Structure formats: C-alpha cells, structure tokens
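Observations on the three-dimensional arrangement
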Amino acid sequence: MRMQYEAHDPYAVRATFYLDGSPATAVEWALSRDVLAEGLKHHAGHGDLRVWPGTGPEPDVLYIALGPVWKSALVEAPYRDVEQFLGRTQQLVPLGTEHEQFDIEAVLARLLSN
C-alpha cells in the first residue's frame, strides 16, 4: 500500500493498493483522513470505509475494510506507518483546519455552472 496526501485536497488520503504485490493490479481509493485518524484509536467509518486498530496478538496492525459489508476487501496496514504518515499530514494541514485550504464558494460555483 502507498499513501499520498496533498494540501489542496485536505480531507482525502489517496491510497494505492497493490493486489498480489504487482503494479499491474493497482487499485486507488480516496480515503477520509479523519476516518483513518479515528481508526487508529477505535472502530471508525461506515459504508465503504471502515477502519480499526488490531488488538490481542496483532496490536501493530491497522485494519482497513473497503467496500460494502457484504463484499469488502480487508487490508492490513502497519499501524506505526499509518500513524506516522498521518502525523506528517497534520504538519501540513492540522486536523480541523482543512476548510482553510480551499475556497468553498468557488468550488460550489464551478459545480453549479455545469
């Protein structure tokens, strides 16, 4: 898995998952940064994105379920790597200040003009 964050899209983390470890089978998802951060502490998210920390014999794992409950993919990510990645995103855009990164009025005007 590879994650990417850009301040101009402050609510999203782009994650690329490599099925079978091959770049030919890469699948990209836009994940909620808030849900990932909450998932480090406890079960978070619903619908097509659910995240929770491992417990018991697997405390160093962060589970990420993608897709609807009845047909989802379960990804195991290294907890510390995700935690450190999210820490770096917060240095760029602190949680709760995402709205300061773009002009919502301009976005709405562009959407409504189409």
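Computed from a predicted model, the values in this text were never measured in an experiment.

1. Here we look at the overall build of the protein chain
Secondary structure summary: the protein chain contains three helices and seven strands in total. The order of helices and strands in the protein chain, counted from the N terminus, is β-β-β-α-β-β-β-β-α-α. By the burial criterion, 33% of the 114 residues in the protein chain qualify as buried. Put simply, 28% of the contacts in the protein chain that link residues at least 6 apart link residues at least 24 apart. Of the roughly 7,400 Å² of accessible surface on the protein chain, a fraction of 55% belongs to carbon and sulfur atoms. Taken together, the 9 basic and 16 acidic charged side chains of the protein chain have centroids lying 2 Å from each other.

2. Notes on the nonpolar core
In terms of nonpolar packing, the biggest core is built from 23 residues, with I64 and L86 touching the most fellow members. Where this core is concerned, the elements lending two or more residues are β2 (12–18), α1 (33–39), β5 (49–53), β6 (61–66), β7 (73–78) and α2 (79–92). For this core, the element with the most residues is α2, which contributes four residues. Leaving out residues up to four positions away in the same chain, L86 has contacts with V13, R33, L36, A37 and L40.

3. Some words on the environment of D60
Structurally, the position occupied by D60 is in the loop between β5 and β6. It is 17 Å that separates the C-alpha atoms of D60 and G87, two residues lying 27 residues apart in sequence. Apart from the residues lying within four places of it in its own chain, the contact partners of D60 are A77, P78 and Y79.

4. Structural notes on the sheet that holds strand β3 (residues 26–32)
Pairing in this open sheet of three strands is antiparallel, and the strands run β1-β2-β3 from one edge to the other. Each edge of the open sheet is held by one strand with a lone partner, namely β1 (2–4) and β3. In this sheet, adjacent strand axes meet at a mean angle of 25° when their direction is disregarded. Sheet analysis places β2 next to β3, joined by seven bridges and oriented antiparallel. By the bridge assignment, T16 is partnered in β3 with E28.

About the thresholds
Residues numbered from 1 in each chain as written. Predicted model: local features only at pLDDT ≥ 70, side-chain atom pairs only at ≥ 80, totals over all residues. Heavy atoms only, no water. Helix = DSSP H or I, 4+ residues; strand = E, 2+ residues; numbered from the N terminus. Buried < 20%, exposed > 50% of the residue type's maximum accessible area, 1.4 Å probe, protein only. Contact = heavy atoms within 4.5 Å. Areas by Shrake-Rupley, 256 points an atom, 1.4 Å probe, with all protein chains shown as cover. Lys, Arg positive; Asp, Glu negative; His and termini not counted. Charge placed at Lys NZ, Arg CZ, Asp CG, Glu CD. Core = buried A, V, L, I, M, F, W, Y, C linked by side-chain atoms within 4.5 Å. Pairing = 2+ DSSP bridges. Axes fitted to C-alpha atoms, helices over the stretch in contact; angles between N-to-C directions.

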